[in-house]
Amino acid sequence: MYFAWRGEKGLKTKAYISLPVTGTDDYRERAFLIDKKLREWGYSVINPVVVCDSLPANETTHEQYMSICLPLIDMSDIVFFADGWEKSKGCTLEMCRAMQKKKMIVFIGG
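Overview of the structure. This structure is a prediction, so every number in the text was calculated from the model and none was measured.

Turning next to the overall build of the protein. Assigned secondary structure in the protein consists of four helices and five strands. In sequence order, the protein lays out its α and β elements as β-β-α-β-α-α-β-α-β. Here the protein, with 110 residues, has 42% of them falling under the buried criterion. Once local pairs closer than 6 in sequence are excluded, the contacts in the protein between residues at least 24 apart make up 71%.

Here it is in structure tokens:
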């Protein structure tokens with residue numbers, strides 16, 4: 001995994017992780033790998049996988065998940081978009097929200 005931008009170590013900036021979930025098998029592992037790296041770099045991380053984990057997956061709609069995730073972007077200072085974001089309906093909505101709120105946007109790959 002590589003990161004296109006690295007924050008200043010020790011800087012307590014809130015970072016949101018945007019990554020494709022629907023149709024992937026490894027989103028949890030990828031989310032926690034990114035989370036770990038961002039924390040090592042000194043970010044306070046808003047990980048939507050952690051936030052949404054307690055919701056009943058079989059009873060929660062995509063729209064309901066997004067009603068939680070989009071306000072989390074409002075709380076962040078920077079949004080990290082993982083590979084494949086542009087093919088994800090949810091990530092695309094998160095990109096629109098980040099741009100609307102003038103958040104710093106960083107693309108990461110892996």
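Having put the structure on the table, let's press on.
Moving on to the side chain of asparagine 47. Assignment of secondary structure puts asparagine 47 in the loop between β3 (44–46) and α2 (48–52). At 3.0 Å, the side chain of asparagine 47 forms a polar contact with the side chain of aspartate 35. Of the polar contacts made by the side chain of asparagine 47, one reaches the backbone nitrogen of valine 49; its length is 3.0 Å. Excluding its chain neighbours within four sequence positions, the residues that come into contact with asparagine 47 are Ile17, Ala31, Phe32 and Asp35.

Aromatic ring pairs are reported here in terms of the distance separating the ring centres and the angle at which the planes meet. Taken as a whole and judged by the stated rule, the model has four aromatic pairs. Grouping aromatic residues by their ring pairs yields a cluster made of Phe81, Trp85 and Phe107.

Here we take up the pattern of salt bridges. Scanning the model with the defined rule gives six salt bridges in all. The partner of aspartate 35 in a salt bridge is arginine 39, with the nearest N and O atoms 2.4 Å apart. With aspartate 35 and arginine 39 both in helix α1 (residues 27–40), this residue pair falls four residues apart, about one helical turn. Accessibility expressed as a relative area gives 45% for arginine 39, which makes it partly exposed. Two residues, lysine 36 and glutamate 40, come together in a salt bridge whose shortest N-O distance is 3.6 Å. Highlighted residues: lysine 36 and glutamate 40, both in helix α1, separated by four residues, approximately one helical turn. The exposure class of glutamate 40 is partly exposed, given its relative accessible area of 35%.

This part takes up helix α4 (residues 89–100). When the terminal C-alpha atoms of α4 are compared, their 17 Å separation across twelve residues agrees well with the 16 Å that a helix rising 1.5 Å per residue should span. Along α4, the positions that sit buried rather than exposed are Gly90, Cys91, Glu94, Met95 and Ala98. On an axial view of α4, the arc spanned by its buried residues comes to 140°, and they lie on one face. Every exposed residue of α4 that faces more than 90 degrees away from the buried side is listed here: Lys89, Met99 and Gln100. If you follow the buried residues of α4, they end up packed against β2 (14–18), α3 (62–75), β4 (78–81) and β5 (104–109). The distance from a side-chain oxygen at the start of α4 to the backbone nitrogen of glycine 90 is 3.4 Å, and the residue carrying that oxygen is serine 88. The positive-phi residue at the C-terminal boundary of α4 is lysine 102, with phi of around 60°.

So, how was this worked out
- Residues numbered from 1 in each chain as written.
- Predicted model: local features only at pLDDT ≥ 70, side-chain atom pairs only at ≥ 80, totals over all residues.
- Heavy atoms only, no water.
- Helix = DSSP H or I, 4+ residues; strand = E, 2+ residues; numbered from the N terminus.
- Buried < 20%, exposed > 50% of the residue type's maximum accessible area, 1.4 Å probe, protein only.
- Contact = heavy atoms within 4.5 Å.
- Polar contact = N/O pair within 3.5 Å; in protein donor to acceptor, adjacent residues only side chain to side chain.
- Phe/Tyr/Trp six-rings, centres within 6.5 Å; stacked < 30°, edge-to-face > 60°.
- Salt bridge = Lys/Arg side-chain N within 4 Å of Asp/Glu carboxyl O.
- Expected span 1.5 Å × (residues − 1).
- Arc of directions from axis to C-beta.

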